[in-house]
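# Inside the fold
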Amino acid sequence: MEKILQTLNMCDFCTHEIKSCGAEPVRSQNVTVNNKSRLNSQEAVIACDKYESPVELLQKKFH
């Protein structure tokens, strides 16, 4: 039985604008999973060198 793995697009949760951030992301289409699994999206950004979490940004600002 094939497993379908859920992906989260990091850009949806990042404080940077996707068009102007200058990042070099790793997209799900470039990732190989084992032969019994597949990703549910080939368009998701799953790793990024410029990712900045809104939660971390708020923690830095208020602590």
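Just so it is clear, the structure is predicted and the values come from calculations on it, not from any experiment.

### Quick word on the overall build of the protein chain
Helix and strand counts for the protein chain stand at one helix and four strands. Listing every helix and strand of the protein chain by position from the N terminus yields β-β-β-β-α. The globule rule puts the C-alpha radius of gyration for 63 residues at 11 Å, and the 14 Å found for the protein chain is more than 25% above it. Along the first, second and third principal axes, the C-alpha set of the protein chain runs to 50 × 25 × 15 Å. In the protein chain, buried positions account for 13% of the 63 residues. Within the protein chain, counting contacts between residues at least 6 apart in sequence, those at least 24 apart form 67% of the total. Only carbon and sulfur atoms are counted for the fraction: they give 52% of the accessible area of the protein chain, which is about 5300 Å².

### Things to note about the side chain of Ser37
As for its position among the elements, Ser37 is in strand S3 (residues 37-39). Ser37 sits in the buried class, given a relative accessible area of 12%. Those residues in contact with Ser37 that lie beyond four places of it in its chain are Glu2, Lys3 and Leu5.

### Side note on the environment of Ala23
Structurally, Ala23 is set in the loop between strand S1 (3-5) and strand S2 (26-27). By relative accessible area, Ala23 is classed as partly exposed at 21%. Sequence separation of Ala23 and Cys48 is 25 residues, and the distance between their C-alpha atoms is 6.7 Å. Not counting chain neighbours up to four residues away, the residues in contact with Ala23 comprise Cys48, Asp49 and Lys50.

### What to know about the state of the cysteines
The tally for this structure, following the rule as stated, stands at zero disulfides. The closest cysteine sulfur to the non-disulfide-bonded Cys14 is located on Cys48, 6.3 Å from its own sulfur. The buried category is assigned to Cys14, whose relative accessible area is 19%. Lacking any disulfide linkage, Cys21 is separated from the closest cysteine sulfur, that of Cys48, by 5.7 Å.

### Quick notes on the environment of Val33
On the secondary structure map, Val33 appears in the loop between S2 and S3. What makes Val33 partly exposed here is its relative accessible area of 29%. For the pair formed by Val33 and Lys60, sequence separation is 27 residues and the distance between their alpha carbons is 36 Å. Residues within four places of Val33 in sequence aside, it is in contact with Leu5, Arg38 and Leu39.

Calculation rules
Residues numbered from 1 in each chain as written. Predicted model: local features only at pLDDT ≥ 70, side-chain atom pairs only at ≥ 80, totals over all residues. Heavy atoms only, no water. Helix = DSSP H or I, 4+ residues; strand = E, 2+ residues; numbered from the N terminus. Rg over C-alpha atoms; globule rule 2.2 N^0.38 Å. Buried < 20%, exposed > 50% of the residue type's maximum accessible area, 1.4 Å probe, protein only. Contact = heavy atoms within 4.5 Å. Areas by Shrake-Rupley, 256 points an atom, 1.4 Å probe, with all protein chains shown as cover. Disulfide = S-S within 2.5 Å.

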